[in-house]
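Structural description and commentary
Residue-level listing of the chains:
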Amino acid sequence: MKISDLFLSQDKTFSFEFFPPHDEISAVDFGINIGRLMKLSPSFVTVTYGAGGSNQERTFALVDYLQNRIGLTTVAHYTCVNATRDKIKSDLDYLMGHGIKNLMLLRGDPPKGENEFIPPENGFNFASELTAFVDEYYDFCKAGAAYVEKHPEAPSLEEDIQNLKLKVNAGADFLITQLFFINSYYFDFIKKTRAAGITCRIIPGIIPLTSYKQIERFTKMSAAKIPAKLASAIESHKDQPEKMYEIGLEYTINQCKELLTNGAPGIHFYTLNKSRAAVEIFESL
Ligand code: FAD
């Protein structure tokens, strides 16, 4: 089912992001976690595309498995990295042939060691261009990425929102945000995007911060600001993993509740292929 059709009957959607397991052991772990998460009946799930366009086969295999074997409405992420127009067509023909109806279209990050994204010859520079191309040749429901704290390369949030508008005008049906921990950024972002004429759903992307190690990792990965109080509460329990987990979980539950009460059209959960936090958070909502 296209997610744009799902929106006609669901005011709020609850969804999960997965990445393809790297080896046999994580695949077994993944199977167990999927089993637990399925009990929550997510509206849809998404599968990431390897950074630098790597592991494409695993993304496609997992998308096929979740959509066709497990029966979940599944979104395949796809990036402009190393993607010529011919390759895009052959990949999307494959996905369409496997019953996939939903794509998350992204530019992708520059490969490791490179600072700048360089499009391949006969490829695309921005997600909006890829979205326009897919819109012209295919009948997928198309999602795009949004950044409530602005994309790291954008000179300002205002410019980033103008570029986001190009993506929506090119055919993006809905947007999912980069992870964030401070809700006021999301609420301000929604006001600014609406003022700019972006009317589609913008689903908040959420991750629980449940360990000290993650503080540095998430900040580096996404440039998301972490509330000082939360960071110091977690840091002060560095040697008590269970306590850190509880603090992070409680913060995320309250964060999600506030988002949903104030009009967010659902929650997209970055699971990191784990199930414990997702199950506890979703059961409490
Ligand atoms: P774009 O929307 O193209 O924007 C990139 C930058 O270019 C921004 O600064 C923007 O302001 C600017 N820009 C856009 N259009 C123009 C224009 N016309 N002129 C000038 N500047 C412009 N990465 C992966 O590799 N695999 C994944 O599976 C993956 N999944 C993700 C899912 C979500 C929900 C999110 C939020 C991110 C994901 N990413 C993934 C990361 C993403 O690839 C990076 O953040 C990447 O740097 C930007 O991708 P984008 O699609 O947002 O790019």
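What counts, and at which threshold
Residues numbered from 1 in each chain as written. Predicted model: local features only at pLDDT ≥ 70, side-chain atom pairs only at ≥ 80, totals over all residues. Heavy atoms only, no water. pLDDT = per-residue confidence, 0-100. Helix = DSSP H or I, 4+ residues; strand = E, 2+ residues; numbered from the N terminus. Near = heavy atom within 4 Å. Polar contact = N/O pair within 3.5 Å; in protein donor to acceptor, adjacent residues only side chain to side chain. Areas by Shrake-Rupley, 256 points an atom, 1.4 Å probe, with all protein chains shown as cover. Nonpolar A, V, L, I, M, F, W, Y, C, P; charged D, E, K, R; others polar. Buried < 20%, exposed > 50% of the residue type's maximum accessible area, 1.4 Å probe, protein only. Arc of directions from axis to C-beta. Contact = heavy atoms within 4.5 Å.

Examining the confidence of the model for the chain
Here the chain averages 95 in pLDDT, and 99% of its residues register 70 or above. The least confident element of the chain is helix α8 (residues 212-222), whose mean pLDDT is 80; the most confident is strand β7 (residues 201-203), at 99.

Some points on the site of the ligand
Residues in close proximity to the ligand total 24 residues, the closest being Tyr49, Asp109, Tyr147, Asp160 and Lys167. At a separation of 2.7 Å, a nitrogen atom of the ligand approaches a polar backbone atom of Tyr49. Backbone polar atom of Arg107 to an oxygen atom of the ligand: 2.8 Å apart, as the coordinates give it. For the ligand, whose free accessible area comes to 980 Å², the fraction covered by protein is 85%. With four residues, helix α6 (residues 157-169) is the largest single contributor of residues to the shell around the ligand. For the shell around the ligand, the per-class residue count stands at twelve nonpolar, seven polar and five charged.

Quick look at helix α9 (residues 228-235)
One turn of the α-helix equals 3.6 residues, which is why residues spaced by three or four share an orientation. Within the sequence span of α9, burial applies to Leu230, Ala231 and Ile234. Along α9, the residues classed as buried sweep out an arc of 100° about the axis, all on the same side. Pointing more than 90 degrees away from the buried face of α9 are the exposed residues Ala228 and Lys229. The inward-facing, buried residues of α9 contact α8 and α10 (241-261).

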